[in-house]
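# Geometric and topological summary
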Amino acid sequence: MLKLYRKSELLFSIVLIIVYVVGASVCDAFSDKLGFSKALTLPFFIIFSVIILMFLSKQKLFKEYGLCKTELPLKKLLYFIPLFLLCLLNVISGFSITKTVPVIIIEVLSMLFVGFLEEIIFRGFLFKAMAKDNLKAAVVVSSLTFGIGHIINLFNGAEIVSTLCQIVGAVGFGFMCVMIFIKSKSLLPCIITHSVFNMLSVFTAETEMMTSIIVSVAMIVITVGYSVILF
């Protein structure tokens, strides 16, 4: 792992993305076959997260990849109010609890780990690797790959329109998180927001197509608007 990282940080980040996407997809598929959502995915997320944290700790890279407090005062970050608004969008259609308690617990924990893994991989490793050569390209690629990566939901049975809305919203979210990281030198606000947003999705009521479109547009307005203010 260290040898690959020292050889090419970009290749290292790409390998992490592949392991994450393929691993999560395979574990989701087998979990569904077992009839217990995320039963195998959660252990995979936990192990993958522990490996990454151990690597960062051993190489003393926590600060390098934003696992530290922000360097900007909260006032300049607008006290993260836009991030709170963003999380609320996920429950705009109301709450719905239709699953058993064990399933809810496993899915909530899985979503929390997704927030950490996706931020540290896309905004941490991938962005930092590319930013050393071209900051603008790093911002664009990190945002787009994160958003387009959600297309895999189509293979898991998601509808085309809702998936497209999710992709658009994710691109805006990725762009915002990159700007927060650049300005504050910390990924923690992004990790927390991402984790909470995902966690709330477990309790989100089924939405109509128009609601999905409205939420997607609102996400773009909030994320891009906040990014411009930070910039």
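Just above sits the structure.
Right, let's walk through the structure included here. (Residues numbered from 1 in each chain as written. Predicted model: local features only at pLDDT ≥ 70, side-chain atom pairs only at ≥ 80, totals over all residues. Heavy atoms only, no water.)

### Focus: the packing of helix H5 (residues 101-131) against helix H7 (residues 160-184)
Here H5 crosses H7 at 60 degrees, and the two axes come no closer than 11 Å. With respect to H7, the axis of H5 lies oblique. The crossing of H5 and H7 is right-handed. Residue-level inspection shows Glu119, Arg123, Gly124, Phe127 and Lys128 of H5 in contact with H7, the latter providing Phe173, Gly174, Cys177, Val178, Phe181 and Ile182. Looking at the contact of H5 with H7, its residues break down into six nonpolar, two polar and three charged. (Axes fitted to C-alpha atoms, helices over the stretch in contact; angles between N-to-C directions. Helix = DSSP H or I, 4+ residues; strand = E, 2+ residues; numbered from the N terminus. Parallel < 35°, antiparallel > 145°, perpendicular 65-115°, else oblique. Left-handed = near helix turned anticlockwise from the far one by under 90°. Contact = heavy atoms within 4.5 Å. Nonpolar A, V, L, I, M, F, W, Y, C, P; charged D, E, K, R; others polar.)

### With respect to the side chain of Glu107
On the secondary structure map, Glu107 appears in helix H5. Among the polar contacts made by the side chain of Glu107, one reaches the side chain of Lys99 at a distance of 2.6 Å. With residues near it in sequence (within four places) discarded, Glu107 still touches Ser37, Lys38, Lys99 and Val202. (Polar contact = N/O pair within 3.5 Å; in protein donor to acceptor, adjacent residues only side chain to side chain.)

### Some details on helix H9 (residues 209-230)
Helix length check: H9 (22 residues) gives 32 Å between terminal C-alpha atoms against 32 Å at 1.5 Å per residue, within 8%. If you check which residues of H9 are buried, you get Ser212, Val215, Ser216, Met219, Ile222, Thr223, Tyr226, Ser227 and Leu230. Angularly, the buried residues of H9 cover 135 degrees about the axis, an arc narrow enough to put them on a single face. Away from its buried face, by an angle of more than 90 degrees, H9 presents the exposed residues Met210, Val221, Val228 and Ile229. (Expected span 1.5 Å × (residues − 1). Buried < 20%, exposed > 50% of the residue type's maximum accessible area, 1.4 Å probe, protein only. Arc of directions from axis to C-beta.)

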